[in-house]
Amino acid sequence: MNEGETQPSRPSHLRQANARGLLRLLREHNPCSKADLVRLSGLSAPTVSSAVGYLESLGLVEKLGDGESSGGRPPEMLRFNAGHGYVAGVDIGGTRLRMVLADLNGRVVTQWATRFTERQRMPKAVCGLIRDGLKVMCQEASTSLRRVLHVTAGAPGITNVESGVVMSAPNLREWNDVPLRMMIERELGIPALVENDTNLAAVGEHWRGSASGVEDFIFVALGTGVGAGIFISGRLHHGANWSAGEIGYAGVNGRPRQPLEVHETGQMERSIGGLGIEAEWQRLLARERRASMSELGKLRATEIFDLAVDGDRLAGQVVQTMAQILADCIVDLALALDPEMVILGGGVGSHPELCRVTARLLGRNEFAKPEVRSSSLGTQAQLHGAISLSLAATAARLLA
């Protein structure tokens, strides 16, 4: 700086750091008083007052009035202004697009969903649908796109999170090496993050689902596709080439192995994905020439599992076959990673009967038998995970 120049009026790095730390404490202990923040942070009262004033000027802190007195002057209570902005979560499925809008406490404000036409399954069209869905949600929340601070999208395929590129999504059309993050940011003008959809579901279960407080676990999703999200020491594990957890490509015992092709579905997915389950059911029906086969043959995977619960013999065989394939895969994962827990999720995987039979098969082992739970978030797990990652990204930007 040349002599005589004045420094631009802006918070110092120290005040920024103090404000960032106090904002984190306020979000964790919301609501609380300035005295609470002094005690929790170890900072002086004047420092806390200055930082809180700065946070108020940004619209990040609100005054609630006086709290309860403990004998002296009642403390002034503060809370984090969760309505200062919003984050959006996007789940790109094989057949539909789902979106949520949440405030900065992670509370879902509104949701939006649509089914794809054949043309809408292509990357550019999906980005257009994301824009349309976000506009609808903002209207419903009586807010504007300018107040949406971050978007996280989940894609059903191998995804390079650093570059934001979906390398392969076999269940979608023309999704090879798609620069999805760049496309979303260009379409919306909002910072974005792109992640594999099953990894997002694992993040969701760790944040506020069945894996809350569990540091080593595997989330296994069965639906149209098959995949796994792996948490090791409390962190999502992507692998060296972003394909950790792509168990849809794993082999199935008793079946010949084939070379893996990234742009094709894998053997495991063809066997115990939704279509594989339905194909096995139809095969058993044809073998036994069951009456009313035309109607029974139209059942979806979860309906077949429901029949098994009701005591149907053939449906029970389907569940047993699928659970054995799944249990074999879980054992292989457990021998390599030794997780505390495996969570079964997705539209098919979260069915209680599949969970029960799989857990019984694993229970025969002396070891490599992690606890098996059904997802507590169901089909919302991916969206909760997207919200969690967007909140984490936004926390670093609120005071930037």
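Bear in mind the structure is a predicted one, so any value in this text is a computation, not a measurement.

In terms of regular secondary structure, the protein chain is built from 14 helices and 16 strands. In terms of overall dimensions, the protein chain has C-alpha extents of about 90 × 50 × 40 Å along its principal axes. For the protein chain, the proportion of its 400 residues judged to be buried stands at 48%. For the protein chain, restricting intrachain contacts to residue pairs at least 6 apart in sequence, the fraction spanning at least 24 positions comes to 61%.

Val220 and Trp281 are the most contacted members of the largest nonpolar core, which totals 41 residues. If you list the elements that add at least two residues to this core, you get strand E12 (217-222), strand E13 (226-232), helix H7 (267-272), helix H8 (274-288), helix H10 (301-309), helix H11 (313-337), strand E15 (341-345) and helix H13 (352-362). Tallying contributions element by element places H11 first for this core, with twelve residues. Sequence-distant contacts of valine 220, that is, excluding residues within four places in its chain, are made with Gly227, Ala228, Ile247, Leu326, Val342, Ile343, Leu344 and Gly345. Counting 32 residues, the second-largest nonpolar core is a separate cluster that includes Val90, Cys138, Val151 and Leu180.

A few words now on helix H5 (residues 180-188). Of all the positions in H5, only Leu180, Ile184 and Leu188 are classed as buried. An end-on view of H5 places all buried positions within 50° of arc, on one side of the element. Residues of H5 that are buried in the fold lie against strand E4 (86-92), helix H4 (123-140), strand E7 (148-155), strand E9 (165-168), strand E10 (176-178) and strand E11 (192-196). Of the residues trailing H5, glycine 189 is marked for its positive phi of about 70°.

This part covers the packing of helix H2 (residues 34-41) against helix H3 (residues 45-57). To describe two helices that pack against each other, one gives the angle between their axes and the distance between the axes. Following both chains from N to C, one finds H2 and H3 inclined at 115°, their axes separated by 9 Å at the closest point. As for how H2 packs across H3, the hand of that crossing is right-handed. Seen from H2, the contacting residues are Lys34, Leu37, Val38 and Ser41; seen from H3, they are Ala45, Val48, Ser49 and Val52. Of the residues in the contact of H2 with H3, the class split is five nonpolar, two polar and one charged.

This part takes up unusual backbone geometry. Cis geometry marks the peptide bond from asparagine 30 to proline 31, where omega comes out at -5°. Along the chain, proline 31 falls in the loop between helix H1 (13-28) and strand E1 (32-33). Notably, serine 142 is not glycine yet its phi reads approximately 55°, a positive angle. Mapped onto the secondary structure, serine 142 falls in the loop between H4 and E7. Not every positive phi belongs to a glycine, and alanine 368 is a case in point at roughly 55°. Within the element layout of this structure, alanine 368 appears in the loop between H13 and strand E16 (371-374).

The next subject is the sheet that holds E11. Pairing in this open sheet of five strands is mixed, and the strands run E6-E5-E4-E7-E11 from one edge to the other. The open sheet has two free edges, formed respectively by strand E6 (108-115) and E11, since each of these has just one partner strand. In this sheet, neighbouring strand axes are inclined to one another by 15° on average, regardless of whether the strands run parallel or antiparallel. Where strand E5 (residues 96-103) lies against E6, seven bridges are found, and the strand directions are antiparallel. By the bridge assignment, arginine 98 is partnered in E6 with alanine 113.

Let us look at the environment of leucine 326. For leucine 326, the position within the fold is in helix H11. Judged by relative accessible area, which is 1%, leucine 326 ranks as buried. Placed 52 residues apart in sequence, leucine 326 and glycine 274 show a C-alpha to C-alpha distance of 13 Å. Excluding residues that lie within four positions of it along the chain, leucine 326 makes contacts with Val220, Leu222, Ile272, Leu344, Leu354 and Thr358.

So, about the sheet that holds E13. Within a sheet, each strand pairs with its neighbour through backbone hydrogen bonds, oriented either parallel or antiparallel. Taken together, five strands build an open sheet; the order of strands is E14-E13-E12-E15-E16 and the sheet is mixed. Edge positions in the sheet fall to strand E14 (235-236) and E16, since each of these pairs with one other strand and no more. Pairing analysis gives four bridges linking E15 to E16, with the strands arranged parallel. Paired with methionine 341 across the strands is glutamate 371, a residue of E16. Contacts from helix H6 (residues 197-208) reach E12, E13, E14 and E15, with the element oriented near 45° to E13. Its contacts with the sheet put H13 on E12, E15 and E16, and the angle it makes with E16 is roughly 180°.

Quick look at the pattern of salt bridges now. By the definition in use, this model includes 15 salt bridges. The residue glutamate 288 makes a salt bridge to arginine 313 at a minimum N-O spacing of 2.6 Å. In this pair, glutamate 288 is assigned in helix H8 and arginine 313 in helix H11, connecting sequence segments 25 residues apart. Assessed through its relative accessible area of 31%, glutamate 288 is described here as partly exposed. Ionic contacts of the salt-bridge type, sharing partners, join the residues Glu56, Lys63 and Glu76 into one network.

For the largest pocket, the calculated volume is near 1,000 Å³. Forming the walls of the largest pocket are 48 residues, and the residues nearest its centre are Gly94, Gly223, Thr224, Gly225 and Gly347. Only E4, E5, H6, E12, E13, H8, H10 and helix H12 (346-349) provide two or more residues apiece to the lining of the largest pocket. Tallied by class, residues from the lining of the largest pocket come to 15 nonpolar, 23 polar and ten charged. As a volume, the second largest pocket reaches approximately 230 Å³. The wall of the second largest pocket is formed by Arg20, Leu23, Arg24, Arg27, Glu28, Asn105 and Ala395.

Conventions and cut-offs
Residues numbered from 1 in each chain as written. Predicted model: local features only at pLDDT ≥ 70, side-chain atom pairs only at ≥ 80, totals over all residues. Heavy atoms only, no water. Helix = DSSP H or I, 4+ residues; strand = E, 2+ residues; numbered from the N terminus. Buried < 20%, exposed > 50% of the residue type's maximum accessible area, 1.4 Å probe, protein only. Contact = heavy atoms within 4.5 Å. Core = buried A, V, L, I, M, F, W, Y, C linked by side-chain atoms within 4.5 Å. Arc of directions from axis to C-beta. Axes fitted to C-alpha atoms, helices over the stretch in contact; angles between N-to-C directions. Left-handed = near helix turned anticlockwise from the far one by under 90°. Nonpolar A, V, L, I, M, F, W, Y, C, P; charged D, E, K, R; others polar. Pairing = 2+ DSSP bridges. Salt bridge = Lys/Arg side-chain N within 4 Å of Asp/Glu carboxyl O. 1 Å grid on protein atoms, 1.4 Å probe; cavity = no way out; pocket = protein on both sides within 12 Å on 5 of 7 lines; lining within 4 Å. Points joined across faces, edges and corners; volume = space filled by probe spheres on them.

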